[in-house]
Amino acid sequence: MPIAQSDASTLITRFLESLYERQDLAEHLDCYHPDAWVLLGPNLVHRGELEASTYEGAIAALFAMARPGTKPARFELLGEGELSAHGTDHLAMLPMRDRNADRTFTAAFHLRREGAALLFQGCVVLTPETPVPTLETIDAAVAAALSQTSLVPDPGEILLTPLDLAYRRAFPVESYRLLALPETRFTCQHSGHCCTPQHDIPVPRAARQAIEGVDWRAIAPSVPLPLFEAATARDATEESRLVDHGGTCGFRQDGGCVLHAAAGYAPLAVCATYPVDFTATPDGICLWTYFTCPTVRANIGEPLLARHEDMSARVRLWRNAMLLVPDEVPLVDGVPASFHAYATLEEEVLSILARSDRSPRERAVEAVEAARIFARQAVPESVGDALGDGEVDPLGVALYLVLNKHLPEVFRGPLALGDADRLDLPRRLASSGVRYAYDNELITRYLRQVVYRKKYLPEIGVVGHVTLVAWVEGMVRWAAIAQARVRQ
Ligand code: SF4
């Protein structure tokens, strides 16, 4: 029997009502096609591999926690819409309403016939920016949404179906206080530099499974396979990474990302946020950028805060996984300081670093001195001990603090510097007689951002953090020296 338009709306009505008003979870699960993805808390499970009892137990636990009651579903159908058939697959464009927000919208559903029944495969919620959906692009959008589910749990919202996910993607509700240095600009120039997987671009296991389930040949026949492989980096955060196809990611075709084009956004979290990163502070979320990106180095585009919507979308992805600076941070030697006291010092340090009448080195030393004065006022004796009070080069201390943590092999490997050598390294390099040159504006921007991102602040405290500026200045200088040596 051919599928009728009303079959699609009947299915979606059953899909919603069985979950909410009736809370008949067995019936709700029956609405999914065996090939569909089902949300189970923060996890995704392939319907074909999901036991009904597992699903019912998980959703019952969610309901017990969130107590949604047996009220009507948040979404209702407003009519029968349009249905088109493609073999056993069907595309249903259905008018819908969000009862909570009193918003009407169109959802495109990929439905699939199984025997005589029409079942739910996936969906996308349309906005003016959404590409015209096909069955394949709906699959791509579902894979993309599912790729990010584990990154976006929100305690105020329970996500129960792929429709909830698609709706939240289309109409986000969160608002954050976003902060950025005024000089920091970035508008993507599509250089493709970030799609060069020389380093591992992490792919979560669920994302890999979901994306591999999409028929990319139907969307872009030239996408090379395989797309994913085992990660190899020592510090890899996921077991899979993108494959390098001749120096670029397989999804990058004709100067753009096929995955991005199909879904309407970049689903892999790193692709979606790079080169912007975030630090959550008691004052708001500080946005900063990676200088590995050529557009960032050249400072091309709009100020970050002028791109509020774009930045908010990036923040949402990592909001539960970003560096967090608490109300209280260590000053030095475990002595606490309030974040707000530190914020005053940070402002002073940032303005020192912007002074064009000083050399980069003078600015860095002045910034370190400001931190020392700040700390000395609070705890005179511990700062004297910690920094040798003028006897030790602050660049050396900073070098030790950072290199010892991040590149321990420098100290333990063939270089095997003794304590005295470590602290003397900057002076030895500086007096090497090699000439070097660097871009003051670039270095100043970079140094200000190193302060602003506060990467080590919660760990090594106010004095150590500001001292890092000197270290970074030193690293830039030494990199320039090394380059000069290579060129000679
Ligand atoms: S998936 Fe897309 S955005 Fe990410 S690296 Fe590949 S081409 Fe670039």
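Structure first, text after, so check above.
Keep in mind it's a predicted model, so treat the numbers as computed, not measured. (Residues numbered from 1 in each chain as written. Predicted model: local features only at pLDDT ≥ 70, side-chain atom pairs only at ≥ 80, totals over all residues.)

## Describing the overall build of the protein chain
Next, step 1: Assigned secondary structure in the protein chain consists of 19 helices and 20 strands.
Next, step 2: A burial count over the protein chain gives 36% of its 488 residues as buried.
Next, step 3: In the protein chain, the proportion of contacts linking residues at least 24 apart, taken out of those at least 6 apart, comes to 68%. (Helix = DSSP H or I, 4+ residues; strand = E, 2+ residues; numbered from the N terminus. Buried ≥ 20, exposed ≤ 12 C-beta atoms within 10 Å, placed from the backbone. Contact = placed C-beta atoms within 7 Å.)

## Focus: unusual backbone geometry
Next, step 1: Residues Leu225 and Pro226 are joined by a peptide bond in cis, for which omega reads -5°.
Next, step 2: Cis rather than trans, the peptide bond between Tyr274 and Pro275 has omega equal to 5°.
Next, step 3: Along the polypeptide, Pro275 turns up in the loop between helix H9 (269–273) and strand S16 (276–281).
Next, step 4: Residue Gln23 is not a glycine yet carries a positive backbone phi of 45°.
Next, step 5: Structurally, the position occupied by Gln23 is in the loop between helix H1 (5–19) and helix H2 (25–30).
Next, step 6: One non-glycine residue, His190, lies in positive phi territory at about 55°.
Next, step 7: Here His190 lies in the loop between strand S8 (178–180) and strand S9 (202–203).

## A look at the sheet that holds strand S11 (residues 240–242)
The pairing of strands in a sheet comes from backbone hydrogen bonds and takes either a parallel or an antiparallel form.
Next, step 1: Spatial strand order, S9-S11-S10: three strands in an open sheet with antiparallel pairing. Taken across any chain shown, the strands that pair with only one partner, and hence form the sheet edges, are S9 and strand S10 (228–230).
Next, step 2: In this sheet, S11 lies alongside S9 in antiparallel orientation, the contact comprising two bridges. Bridge assignment links Pro202 to a residue of S11, and that residue is Arg241. (Pairing = 2+ DSSP bridges.)

## Here we look at the site of the ligand
Next, step 1: Taken together, Cys195, Ile201, Leu242, Cys249, Phe251, Arg252, Cys257, Leu259, His260, Ala266, Leu268 and Cys271 make up all the residues around the ligand.
Next, step 2: Partitioned by chemical class, the residues of the shell around the ligand number ten nonpolar, one polar and one charged. (Near = placed C-beta within 6 Å. Nonpolar A, V, L, I, M, F, W, Y, C, P; charged D, E, K, R; others polar.)

## Description of the sheet that holds strand S17 (residues 284–289)
Next, step 1: What the four strands build is an open sheet, ordered S8-S17-S16-S18; its pairing is mixed. The open sheet is flanked by S8 and strand S18 (323–324), the only strands paired with a single partner.
Next, step 2: Inspection of the sheet shows S8 paired to S17 by three bridges, in the parallel sense. When the bridges of S17 are listed, Ala180 appears paired with Leu287.

## Quick notes on the pairing of S17
A regular strand carries its side chains on alternate faces of the sheet.
Next, step 1: Where S16 lies against S17, six bridges are found, and the strand directions are antiparallel. In the sheet register, Thr281 faces S17, and the bridge partner there is Gly284.
Next, step 2: The antiparallel hairpin formed by S16 and S17 contains two residues in its connecting segment.

## With respect to helix H12 (residues 339–353)
Next, step 1: Given a rise of 1.5 Å per residue, 15 residues ought to cover 21 Å, and the 20 Å separating the end C-alpha atoms of H12 matches this to within 8%.
Next, step 2: Regarding H12, the residues found buried are Tyr342, Leu345, Glu346, Val349, Ile352 and Leu353. Down the axis of H12, the smallest arc covering the buried residues is 120°, so these residues share one side. Of the exposed residues in H12, those oriented more than 90 degrees away from the buried face are His340, Thr344, Glu347 and Ser351. (Expected span 1.5 Å × (residues − 1). Arc of directions from axis to C-beta.)

Don't take any of this as a statement about function, it's just geometry.
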